[in-house]
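# Structural overview for review
For reference, the chains in residue letters:
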Amino acid sequence: MKKRIFILLGLVFLGLPLTACQANSTDGQSITAVGSSALQPLVEAVGEDYTEANSGNFINVQGGGTGTGLSQIQEGAVDIGNSDLYAEQKKGIDAKKLTDHKVAVVGITPVINKSLKINNLTTKQLIGIFTGEITNWQQIGGPNVPVVVINRAQGSGTRVTFERWALENRTVLQTQEQDSTGMVRQIVASTPGAISYMAFAYVDNSIKTISIDGVQPTNKNVQSDKWKIWSYEHMYTKGEPTGLTKTFINHMLSDDVQNNIVSKLGYIPINQMEVTRHLNDELQVSK
Amino acid sequence: MNDEIKEKLLKKSRATRSEFRGRIISFVCTAIIVTVVVSIFYFVASKGLATFFSNKVNLWDFLSKTIWNPGSTDSHGSPQAGALPMIVGSFAVTILSAVIATPFAIATAVFMTEISPNKGYKILQPVTELLVGIPSVVYGFIGLSVVVPFVRHTFGGTGFGILAGTFVLFVMILPTVTSMSVDALRAVPRYYREASLALGATRWQTIYKVVLRSSAPGLATAVVFGMSRAFGEALAVQMVIGNAALLPHNLVSPASTLTSVLTMGMGNTVMGSAANNALWSLALLLLLMSLVFNLVINKIAKRGKF
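What counts and how
Residues numbered from 1 in each chain as written. Chains lettered and ligands numbered in written order. Predicted model: local features only at pLDDT ≥ 70, side-chain atom pairs only at ≥ 80, totals over all residues. Heavy atoms only, no water. UniProt positions renumbered as here; feature names shortened; annotations may be inferred. Helix = DSSP H or I, 4+ residues; strand = E, 2+ residues; numbered from the N terminus. Buried < 20%, exposed > 50% of the residue type's maximum accessible area, 1.4 Å probe, protein only. Contact = heavy atoms within 4.5 Å. Lys, Arg positive; Asp, Glu negative; His and termini not counted. Charge placed at Lys NZ, Arg CZ, Asp CG, Glu CD. 1 Å grid on protein atoms, 1.4 Å probe; cavity = no way out; pocket = protein on both sides within 12 Å on 5 of 7 lines; lining within 4 Å. Points joined across faces, edges and corners; volume = space filled by probe spheres on them. Nonpolar A, V, L, I, M, F, W, Y, C, P; charged D, E, K, R; others polar. Domains from an automatic or database assignment. Buried area = accessible area lost by both parts, 1.4 Å probe. Salt bridge = Lys/Arg side-chain N within 4 Å of Asp/Glu carboxyl O. pLDDT = per-residue confidence, 0-100. Arc of directions from axis to C-beta. Pairing = 2+ DSSP bridges. Phe/Tyr/Trp six-rings, centres within 6.5 Å; stacked < 30°, edge-to-face > 60°. Lys NZ or Arg CZ within 6 Å of the ring centre and 35° of its normal.

The name an unreviewed UniProt entry gives chain B is Phosphate transport system permease protein, with Agrilactobacillus yilanensis as the organism. According to the UniProt record, the Sequence similarities (unreviewed entry) comment for chain B reads "Belongs to the binding-protein-dependent transport system permease family. CysTW subfamily." Its UniProt record, at the heading Subcellular location (unreviewed entry), says of chain B: "Cell membrane".

Per an unreviewed UniProt entry, the recorded name for chain A is Phosphate-binding protein, and the organism is Agrilactobacillus yilanensis. In the Subcellular location (unreviewed entry) part of its UniProt record, chain A is described as follows: "Cell membrane".

Below you can see the structure in the form of structure tokens.
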């Protein structure tokens, strides 16, 4: 008798996940968005906002990185793939099958440890630092402190954007790498002579931003493309979006969301950009 | 009457049937576990070997070259996947942390079993158990905010590097090695000690010449077990080692381990690309190493039977 109970329990246990899934899908719809950790906070916030307004519809948001987002959407395993890069820029992705939705813009700024009394760098100096030619802050008029360069992981969207627009695609020095912006911020804040880069949204007063060639890293300068280091945040779908995916992306692009949540979280709304940057880096003035 | 007995004898009894069912259940469970293990091996191996077969990376280059940039190709057109910096980093932190942890662990174990088996054991046992239970991210965080600045102020450099990784791993493997050493010392039969004391040996002489010597295989198992834990630890090490795919030229220069490069790179590469396959090769290497550690443990354990 006891064994029979065990078997019954086992069956119930095995059956539970199946029934749970069914319950979920009959209740309402749900979609999954996976990828870029830079875009994740925005999608999460908008997703919650959407669920509140349309109860029963769920937006599951997961991180994992740009590479994960693009490869998952390519395989059709998820509904939306979040990416910091154009799909064409990533090796191993067939961009023709994917539809691009640009939902926001992020500006990226170099950041340094607060104890360094440096406010401005020229592009040449910045390149010198990241390629390893400048190894002490003394060489560019700073204090006698060795330069500690902290990079993001290879293939990270932020790093690709920074290397393209700030370092003119030079081969950078092999150096310390961190896989999250939070870690980068903490390390730059606590290591004398440290320099790294991050999205505007993550900058707080534990670290210091610097101007490049006299241009300050502000949203306004990004909008006019005076500050070159910025990238689009993409939400990719496989083919044209349908159903909940379509409504959610439309919600994301609606003026209400763009003007409120997007700017509140430190991203720059698409419709405020005065320029459009195409895949081939061509600029087009739109306003 | 006769028929009834005959029928009963020929029919399967309840006990037989329930035994049969039990056998089926345990067989199914075992089969599932074996399938899972085999498919993990198959998956990691097929992905990891793709680097050598479809991306044409030379195995020797993979093990001996120092440039890790599998996303781009070298002059021969094969990805730059030189894993030597990570291999060196992994072995360096593993061996160094084991070297530092072993004397502490054995001393603690001796104290707990030989010197103060009652009071000392009662206090130290929960302490080591507690240390085992602390999640590795907590160790990593403490490493980042305490050990790294300490290393920076005391030894120079940025603080990130093999030394910081060693310190963090030392604390992480200490409880494992300690509790296994305690088991090894306790397994030494009581009459070994009694015979030694009866011959007029002091307590220290007994510990040093009899107890430690006879439990040596068990202690070695404990150390190897700690090493395999150190080798596979990812998160805590990643937070303090600096993650630079460079051959470390000293203990305070940023370095990387197999695990730290793996966890950092997985999210940023696309399944099936050369960069992703190279990461799977690192995973395969880790899997093979843990197999080696297991074999070593088995070999030592066989020698250590009383």
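### Digging into the overall build of chain A
A tally of helices and strands in chain A yields nine helices and 13 strands. Summarising its shape, the C-alpha atoms of chain A cover approximately 80 × 55 × 35 Å along the three principal directions. Looking at chain A as a whole, 48% of its 287 residues are labelled buried. A fraction of 72% describes how many contacts in chain A between residues 6 or more apart in sequence connect residues 24 or more apart. Between the mean site of the 25 positive side-chain charges and the mean site of the 26 negative ones, chain A shows a separation of 5 Å.

### Here we look at empty space enclosed by the protein
Residue and element names in this part refer to chain A. Tallied over the entire structure, the rule returns one cavity of 30 Å³ or more. A volume near 40 Å³ is recorded for the largest cavity. Secondary structure elements with two or more residues in the lining of the largest cavity: β4 (98-112), α5 (157-165) and β11 (230-238). Of the residues that constitute the lining of the largest cavity, the class distribution is four nonpolar, four polar and two charged. Two domains each provide a minimum of three residues to the lining of the largest cavity, namely domain 1 (31-106 + 230-283) and domain 2 (107-223).

### Describing the interface of chain B and chain A
How big an interface is tends to be expressed through the accessible area that disappears when the partners come together. Counting from both sides, the interface comprises 32 residues of chain B and, opposite them, 31 residues of chain A. Between chain B and chain A, a total of about 2,300 Å² is buried, with carbon and sulfur atoms accounting for 52% of that surface. Taken as a group, Met 264, Asn 268 and Val 270 of chain B account for 24% of the area that chain B buries against chain A, more than any other trio of residues on that side. Summed over the shared surface of chain B and chain A, the number is zero salt bridges. Among the residues making up the side of chain B that touches chain A, the classes are represented as 15 nonpolar, 14 polar and three charged.

### Considering the confidence of the model for chain A
Per-residue confidence for chain A gives a mean pLDDT of 85, with 90% of residues at or over 70. Ignoring residues within four places in sequence, the model shows residues 15-26 of chain A, a span with pLDDT below 50, making zero contacts including any to other chains.

### A short note on the UniProt feature "domain: ABC transmembrane type-1" (unreviewed entry) in chain B
Under the feature "domain: ABC transmembrane type-1" (unreviewed entry), the UniProt entry names residues 87-297 of chain B. For the annotated span residues 87-297 of chain B, helix accounts for 79% and strand for 0% of the residues, and the straight-line distance between the end C-alpha atoms is 21 Å.

### Let's talk about helix α8 (residues 243-253) of chain A
Residues of α8 of chain A that are buried include every one of Leu 244, Thr 245, Phe 248, Ile 249, His 251 and Met 252 of chain A, and no others. Buried residues along α8 of chain A cover an arc of 155° about the axis, so they all sit on one side.

### Section: the domain arrangement of chain B
All names here are of chain B. One can read the domain layout of chain B as domain 1 (14-81) and domain 2 (84-303). Measuring from the centre of the C-alpha atoms in domain 1 to the corresponding centre in domain 2 gives 26 Å. Tallying the contact residues gives 21 residues for domain 1 and 22 residues for domain 2. Of the roughly 1,800 Å² buried at the junction of domain 1 and domain 2 (both faces included), carbon and sulfur atoms supply 77%.

### Re the pairing of strand β3 (residues 80-83) of chain A
All names here are of chain A. Covered by surrounding structure in β3 are Ile 80 and Asn 82 together with Gly 81 and Ser 83, the residues of both alternating faces. Relative to β3, strand β1 (residues 30-35) runs parallel, the two sharing three bridges. Across the sheet, the residue bridging to Ala 33 is Ile 80, located in β3.

### Looking at the pattern of salt bridges
For the structure on display, the rule yields 11 salt bridges over all chains. Note that Lys 97 of chain A is salt-bridged to Asp 94 of chain A, the shortest N-O span being 3.9 Å. With a relative accessible area of 31%, Asp 94 of chain A lands in the partly exposed category. The closest approach of N and O atoms between Glu 19 of chain B and Arg 23 of chain B, which form a salt bridge, is 3.7 Å.

### A short note on the confidence of the model for chain B
In the predicted model, chain B carries a mean pLDDT of 90, and the fraction of residues at 70 or more is 99%. Complex prediction metrics read pTM 0.81 and ipTM 0.75.

### Description of the packing of aromatic side chains
Under the defined criterion, the tally for this structure stands at 14 aromatic pairs over all chains. With a centroid separation of 5.2 Å and an interplanar angle of 85°, the aromatic rings of Phe 52 of chain B and Phe 62 of chain B are classed as edge-to-face. Highlighted residues: Phe 52 of chain B in helix α2 (residues 14-53) and Phe 62 of chain B in helix α3 (residues 59-64), separated in sequence by 10 residues. Judged by its relative accessible area of 2%, Phe 62 of chain B is buried. Aromatic side chains Phe 231 of chain B and Phe 293 of chain B sit 5.7 Å apart centroid to centroid with 65° between the ring planes, which places their arrangement in the edge-to-face category. One end of the pair, Phe 231 of chain B, is in helix α10 (residues 216-232); the other, Phe 293 of chain B, is in helix α13 (residues 274-303), with 62 residues separating them in the sequence. Residue Phe 293 of chain B is classed as buried on the basis of its relative accessible area, which comes to 7%. Counting every residue linked through ring pairs, the aromatic cluster contains Tyr 86, Trp 230 and Tyr 232 of chain A. A cation over a ring is seen here: Arg 213 of chain B above Tyr 208 of chain B, with NZ or CZ 5.2 Å from the ring centre.

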